[in-house]
Amino acid sequence: MDTIFALATAPGRAGVSVVRVSGPRAWEICRLLAGDVPAPRRASLRRLVSSGVVIDEALILAFSAGESFTGEEVVEFQTHGSPAVVGFLLKTLSAQEGARVAEPGEFTRRALENGRLDLAEVEGLSDLLTAETEAQRRQAFRIFDGELGRQVEIWRSKLLRSAALVESTIDFADEEVPENVSPEVESLLRSLRNEFAREIEGVAVSERLRSGFEVAIVGPPNAGKSTLLNRLAGRDAAITSEIAGTTRDVIEVRMDIDGLPVTFLDTAGLRETEDVVEAIGVQRALDRANQADLRVVLGVASPGLKLEPEDLVLIPKSDLLDEAVENPISGVTGEGVTDLLEQISAVLGKRVSQAHLATHLRHQEALQIAVESLDHALDYLALESGLEELVAETIRAAIRSVDALVGRIGVEDVLGEIFRNFCIGK
Ligand SMILES: Nc1nc2c(c(=O)[nH]1)N(C=O)[C@@H](CNc1ccc(C(=O)N[C@@H](CCC(=O)O)C(=O)O)cc1)CN2
Ligand SMILES: Nc1nc2c(ncn2[C@@H]2O[C@H](COP(=O)(O)OP(=O)(O)OP(=O)(O)O)[C@@H](O)[C@H]2O)c(=O)[nH]1
Ligand SMILES: [Mg+2]
């Protein structure tokens, strides 16, 4: 087993940089550089020396094998955060026998392999490291904290109990069966099946929370869509002009609305047009708007637009109107903008609150297979006697799918995908 090392903090100038070393030779390497290994978990000041040259005066934090993030011997060098210091230290480390630079996510991979984290926790950690908004952080931390793993234990024991009940009748095949277990098994399986189905429904919004919600600004040409986008962004993200048909491409602006990641889409004004390029823009506008999580319509909706009940319809250029209207918006004066942000936050916030424990497409796929297995098991169960073996076997298939959520099986298939997104040093 190699000893791996990497800069754990962001590269470049910083107050302090952390270089992490993990593996069987981590303490030995610390001894060579610092003279000794400080007491575990006690930050201790040492001089790091490489062939007689002082690298830096650093704080060292040592962890013993079995009591570290990776489960291996770990040493952290907390140095002055200069590229020269870090560069010299990394060069010194690579000269050590059995040591090499860590691959992205490799510390976490070792934590997984040593049973410190389960697969869902690794996914949560990955999300936590990329979280940009508060709602993303909260969802990521729930998963990282092992919530799904704890639920899997409960599901697993209920499935095991169902399988055991069914199997208990098999041995009595030709004799008198002590009691009919079907009703209890049926109710256990049915409630689990429905619970899985609810979890599956929640995955879509969790995926959106990770990638960001799309809110499309749509309406006829000249309605003031680009002006509104610029007002929301606080900068000139899109070209505006009095000429109808100014915007052609979809322009995206990312924002944080009450902790929710939202990408606003400014789109081409919707109308019938002879202009070939503008027509392409209109088609793009319709496609993106129809796929968006929410539509903000300025003025009137056009035929190709698929409106949903929660979409917001606003009266544009409200500053030009003589009398008050409902839902006014003006990108020029800013009227209605605060209300608009509040409404978007309310609609999307409500969806986020419906998210459950399953948060990744991978979870959805595993649960979908579990649901199908349970549906089959329920079918066999309804056919009365003789199919107990089949029922038990199908329940066991469901257990395997549930186990896959936390990586008890099928880990290798998904690891590459997950760790690809990690940065070096994690
Ligand atoms: N300097 C530093 N800060 C860090 C980390 C790190 O590795 N180094 N972390 C890394 O990502 C996070 C903290 N996570 C950690 C998780 C477990 C252990 C650990 O030593 N676990 C032992 C002992 C547990 C205990 O004392 O309660 C264990 O699980 O056996 C350390 C850090 C965030 N901050
Ligand atoms: N008075 C007033 N004028 C506005 C408002 N919003 C936009 N305008 C003006 O209306 C014209 C069109 O604005 P844009 O923001 O480019 O309109 P658009 O909906 O993006 O138009 P297309 O990209 O062609 O579809 C410009 O001259 C803007 O200055 C508003 O709220 N009040
Ligand atoms: Mg425009």
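Here is what the cut-offs are and how they apply
Residues numbered from 1 in each chain as written. Chains lettered and ligands numbered in written order. Predicted model: local features only at pLDDT ≥ 70, side-chain atom pairs only at ≥ 80, totals over all residues. Pairing = 2+ DSSP bridges. Helix = DSSP H or I, 4+ residues; strand = E, 2+ residues; numbered from the N terminus. Expected span 1.5 Å × (residues − 1). Buried ≥ 20, exposed ≤ 12 C-beta atoms within 10 Å, placed from the backbone. Arc of directions from axis to C-beta. Contact = placed C-beta atoms within 7 Å. Axes fitted to C-alpha atoms, helices over the stretch in contact; angles between N-to-C directions. Near = placed C-beta within 6 Å. Nonpolar A, V, L, I, M, F, W, Y, C, P; charged D, E, K, R; others polar. Domains from an automatic or database assignment. UniProt positions renumbered as here; feature names shortened; annotations may be inferred. Parallel < 35°, antiparallel > 145°, perpendicular 65-115°, else oblique. Left-handed = near helix turned anticlockwise from the far one by under 90°.

When strand β8 (residues 251-257) meets strand β9 (residues 260-266), the two strands line up antiparallel, connected through seven bridges. In the sheet register, Arg254 faces β9, and the bridge partner there is Thr263. Here β8 folds back onto β9, and the loop between the two strands holds two residues, one of which, Asp258, carries a positive phi near 50°.

What follows is about helix α9 (residues 276-291). For α9, with 16 residues, the first-to-last C-alpha span of 23 Å sits near the 22 Å given by 1.5 Å per residue. Listed as buried for α9 are Gly281, Val282, Ala285, Leu286 and Ala289. Taken around the axis of α9, the buried residues stretch over an arc of 135°, which confines them to a single face. Of the exposed residues in α9, those oriented more than 90 degrees away from the buried face are Val276, Val277 and Gln291. Buried positions along α9 lie against β7 (213-218) and β10 (294-298).

Spatially, six strands are ordered β3-β4-β5-β2-β1-β6 in an open sheet, and the strand pairing comes out mixed. This sheet does not close on itself; its edge strands, each paired only once, are β3 (44-50) and β6 (99-101). The mean inter-strand angle of the sheet, taken between neighbouring strand axes irrespective of direction, is 30°. Summarising the sheet, strand β1 (residues 3-7) and β6 pair through three bridges and their orientation is parallel. Directly across from Thr3, in β6, lies its bridge partner Ala99. Its contacts with the sheet place helix α2 (residues 83-94) against β1, β2 (16-22), β3, β4 (53-63), β5 (74-80) and β6, and it is angled at close to 75° to β4.

Bringing the site of ligand 1 into the picture now. As a structural note, the neighbourhood of ligand 1 is formed by Val18, Phe63, Glu67, Ser68, Phe69, Glu76 and Arg116. Residues of the shell around ligand 1, tallied by class, amount to three nonpolar, one polar and three charged.

For the rest of this paragraph, the subject is the sheet that holds β8. Read from one edge to the other, the open sheet built from five strands follows the order β8-β9-β7-β10-β11, with strand pairing classed as mixed. In the strand order of this sheet, the two ends are held by β8 and β11 (312-314), each with one partner. Across the sheet, the mean angle from the axis of one strand to that of its neighbour is 20°, orientation sign disregarded.

A word on the domain arrangement of the protein chain. On domain assignment, one finds that the protein chain holds domain 1 (3-102), domain 2 (134-208 + 360-419) and domain 3 (212-352). Its C-alpha centre places domain 2 at a distance of 43 Å from the equivalent point of domain 3. Each side of the interface is counted separately: domain 2 has five residues, and domain 3 has seven residues. Broken down by secondary-structure element, the contributors of at least two residues to the side of domain 2 that touches domain 3 are α5 (134-144) and α7 (182-211). Ranked by the residues each element gives to the side of domain 2 that touches domain 3, the list is headed by α5, at three residues. Across the side of domain 2 that touches domain 3, the residue classes break down as two nonpolar, one polar and two charged.

In this numbering, the UniProt entry assigns the feature "binding site: Mg(2+)" (unreviewed entry) to Ser226 and Thr247. The greatest C-alpha distance among the residues just named is 7.6 Å, despite their covering 22 residues of sequence, which places them together in space. Tracing the sequence through the fold places Ser226 in helix α8 (residues 225-233). Ignoring sequence-local partners within four residues, the contact set of Ser226 consists of Ala238, Ile239, Thr240, Thr246, Thr247 and Asp266. With respect to the helices and strands, Thr247 occurs in the loop between α8 and β8. Given 22 C-beta atoms within a 10 Å radius, Thr247 is considered buried. Aside from chain neighbours lying at most four places away, what touches Thr247 is Lys225, Ser226, Ala238, Asp266, Thr267, Ala268 and Gly269.

A large share of β2 lies buried, amounting to five of its seven residues. Here four bridges tie β1 to β2, and the two strands are oriented antiparallel to one another. Bridge pairing in β2 places Phe5 opposite Val21. Here seven bridges tie β2 to β5, and the two strands are oriented antiparallel to one another.

If you check the shell around ligand 2, you find 22 residues, and the closest are Gly224, Ser226, Thr227, Thr247 and Gly269. Here the residues of the shell around ligand 2 are counted per class, giving six nonpolar, 12 polar and four charged.

Moving on to the packing of helix α11 (residues 361-382) against helix α12 (residues 388-406). Axis angle and axis distance: for two packed helices, these are the angle between their axes and the distance between the axes, and together they describe the pair. Across the interface, α11 lies against α12 with an axial gap of 8 Å and an inter-helix angle of 170°. As far as their axial angle goes, α12 and α11 are roughly antiparallel. For the pair α11 and α12, the sense of crossing is left-handed. Two secondary-structure elements touch here, α11 through His363, Ala366, Ile369, Ala370, Ser373, Leu374, His376, Ala377, Tyr380 and Leu381 and α12 through Leu390, Val391, Thr394, Ile395, Ala397, Ala398, Ser401, Val402, Ala404 and Leu405.

Considering the arrangement of structural elements, one finds Pro40 in the loop between α1 (26-34) and β3. It is 62 Å that separates the C-alpha atoms of Pro40 and Gly281, two residues lying 241 residues apart in sequence. Ignoring sequence-local partners within four residues, the contact set of Pro40 consists of Ala62, Phe63, Ser64 and Glu67.

In this section: the packing of helix α6 (residues 147-170) against α7. Across the interface, α6 lies against α7 with an axial gap of 10 Å and an inter-helix angle of 150°. In terms of axis orientation, α6 runs roughly antiparallel to α7. Here the hand of the crossing between α6 and α7 comes out left-handed. Across from Trp155, Lys158, Leu159, Arg161, Ser162, Leu165 and Val166 in α6, the residues of α7 making contact are Glu184, Val185, Leu188, Leu189 and Leu192.

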